[in-house]
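A structural walkthrough
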Amino acid sequence: MGDAALLGWHSTDEPQSRAAVTQDQLPPLRPQPQARHLSHRRKPPPQSRPRPAPRQLEVPLRTARRTEGSDGQAAAPSATARSALPHQSPDPRPPASLMTQRTRAPRREIFGWAMFDFANSAYTTLIITVVFGDLFTRVIVGDAPDYKLGNLLWSLALAVSYLMVVVCSPIVGAIIDYRAAKKRFLFASYLLTVVTTAMLYWVAPGYAWLGVVLLILSNFAFSIGESFIASFLPSLGPPEDLGKISGFGWALGYIGGMASALFVVLLLGEVSAENFEHIRWVGPWTAFFFLAAAIPTFIWLREPGVARSLPPGASYVRLGLDRVRQTLTHLKDHRDLAVLLVAVFFSMSGISIIITYAFIYGAQVIGWDESVRTLMFVLVQITAAAGAFGFGFVQDRIGALRTYLLTLVLWILAILLIYLTPAIAAAAQTRLGLDWQAQYVFLMVGCVAGTSLGACQSTTRTLVGLFSPLSRSAEMFGFWGLSMKLAGVFGLLAIGLLQALFGLHKAVLFCILLFVAAFLVARAVDETRGRRIAAEHDTGVRAW
């Protein structure tokens, strides 16, 4: 972890708790006439018997003994060694400090990483999901009774911001991997989110265009920051712990969303034209919460990796484009990651629709009271946190891929129940004589959706972390961000057009098709193979 690389290995014949040693503790390596073999077994004397073929690496093997040059990079092997190592081109390896065992980070560092989820959840909760979306469509635009223009402008603003992330995320991720600059770019996105969110105070009726511009900028900064913070995950622990770590972060995020909303509920009041002068402070409050709560992240979270100098005559944009092009060329060797990202595209299209329109649906279709709206928010936050945390342990027990498929089934059930909520309430009243109101049935449905929400997103983050080599984690999570935000563009544009044609109630059924497509695509992913390929990259056996 970090600049002090831990070197060691374990095989399936040894316990994984074997202590790792630092390079300074290793004895000097003597020159050998043969290429060094990436195995812990004793090397046979020269000419005594034929050299055995390289053994297959087993997950979670993440180490290889290496020599380093004076610049901290792995020393280039001799011509004989290069010809003996499989899949290698001249000097393809990352810095030696990245070719380490994935050991568990200190608890303080994991907590600092998770606190960013706690902090940024104020934005997605108050701005995207619960308060500002409702405020923008019903009060600032206010085209009652169907609010079609407000809904369309809201979808367009978010779609444009996601499209900006799609263009920038993989390129920026490749650059920060090369320069080991994850914290600096994370800090920049954090500041931009805080400033533009605070400026939402000045968005008032008649200034919808200002709201669109600020929403594009703030959501772009927030969304690309999600990719930056997620790229730290592979360096925080071994594969068997990533599910719990990711689930802990996501669960803490939902707790943060609930904590940030307490101020709004207690002091700012309801979303209405009459209460506009109070509720408009939701932007500055969200910015302050994010600003303060993310401070532990920048104190305790360490920058993984070693920075490399820019090649002579190269630019950072060209470097990022070249590395992305190189990755795309080698995607055939990362088939499971590529297929997973297609599945993520479909599932996140559905989730982005639900996150963006859940409370708008409650107001426009269900017609809930303000007290029920508040109770729904609390229930969704609690069940989402429980789902993310609990399914984190499930991931590490039955596998992240199986867990992901299970959450997709839950989502299909949840969307069907969302659509049927008015019919269920009506049937209970007419056929069973029960005084069930649609808004209270919707509360129960929200618990199913909340459990699915936390578990599904946490699981996809874990899978990308398992399939990502340490030396390119930001780039891989850049592609994850690309897939998620391209999904947001597609999902929001689709639901915006569908609700304009058929109404929001019927349009929500589109989400079922998206989750079914994600399920069918994800069945082609082989989790074991994807983890093995990442391990081979970490040890230098497989090169880009």
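Structure's up top.
All of the points below concern the structure found in this document. (Residues numbered from 1 in each chain as written. Predicted model: local features only at pLDDT ≥ 70, side-chain atom pairs only at ≥ 80, totals over all residues. Heavy atoms only, no water.)

**A word on the overall build of the chain**
Helix and strand content of the chain: 19 helices and two strands. Across the 544 residues in the chain, those meeting the buried criterion constitute 57%. Of the accessible surface of the chain, which amounts to about 22500 Å², a share of 64% is contributed by carbon and sulfur atoms. (Helix = DSSP H or I, 4+ residues; strand = E, 2+ residues; numbered from the N terminus. Buried < 20%, exposed > 50% of the residue type's maximum accessible area, 1.4 Å probe, protein only. Areas by Shrake-Rupley, 256 points an atom, 1.4 Å probe, with all protein chains shown as cover.)

**Quick word on empty space enclosed by the protein**
In total, this model carries eight cavities of 30 Å³ or more according to the counting rule given. There is about 820 Å³ of room inside the largest cavity. Around the largest cavity, the lining is made up of 50 residues, and of these Thr124, Thr129, Ile355, Leu453 and Gln457 lie nearest the centre. Where the lining of the largest cavity is concerned, the elements lending two or more residues are α2 (107-130), α6 (208-230), α7 (239-268), α12 (335-366), α13 (370-398), α14 (400-430), α15 (438-467) and α16 (473-502). Top element by residues in the lining of the largest cavity is α12. It accounts for nine residues. (1 Å grid on protein atoms, 1.4 Å probe; cavity = no way out; pocket = protein on both sides within 12 Å on 5 of 7 lines; lining within 4 Å. Points joined across faces, edges and corners; volume = space filled by probe spheres on them.)

**With respect to the side chain of Thr421**
Looking at where Thr421 falls in the secondary structure, it is placed in helix α14. For Thr421, a relative accessible area of 0% translates into the label buried. Every residue in contact with Thr421, bar those within four places of it in the chain, is listed here: Ile366, Ala438, Val441, Phe442 and Val445. (Contact = heavy atoms within 4.5 Å.)

**As for the pattern of salt bridges**
Applying the stated criterion across every chain yields a total of eleven salt bridges. Measuring nitrogen to oxygen at the nearest pair gives 3.1 Å for the salt bridge that ties Asp117 to Arg461. Taken together, the positions of Asp117 in helix α2 and Arg461 in helix α15 put the pair 344 residues apart, joining distant regions of the chain. Among the residues examined, Asp117 registers a relative accessible area of 8% and is labelled buried. Residue Arg461 is classed as buried on the basis of its relative accessible area of 2%. With its nearest N and O atoms 3.5 Å apart, the salt bridge here joins Lys244 to Asp241. A residue pair is termed a helical-turn pair when its members lie 3 or 4 positions apart in one helix, as Lys244 and Asp241 do in helix α7 at three residues. Its relative accessible area of 13% is what places Asp241 among the buried residues. (Salt bridge = Lys/Arg side-chain N within 4 Å of Asp/Glu carboxyl O.)

**A look at unusual backbone geometry**
Phi is positive for Ala180, which is not a glycine, with a value near 50°. Position of Ala180 relative to the elements: it lies in the loop between α4 (148-179) and α5 (182-198). For Ala180, a relative accessible area of 12% corresponds to the buried category.

Scope: geometric values only; no functional claims are made or implied.
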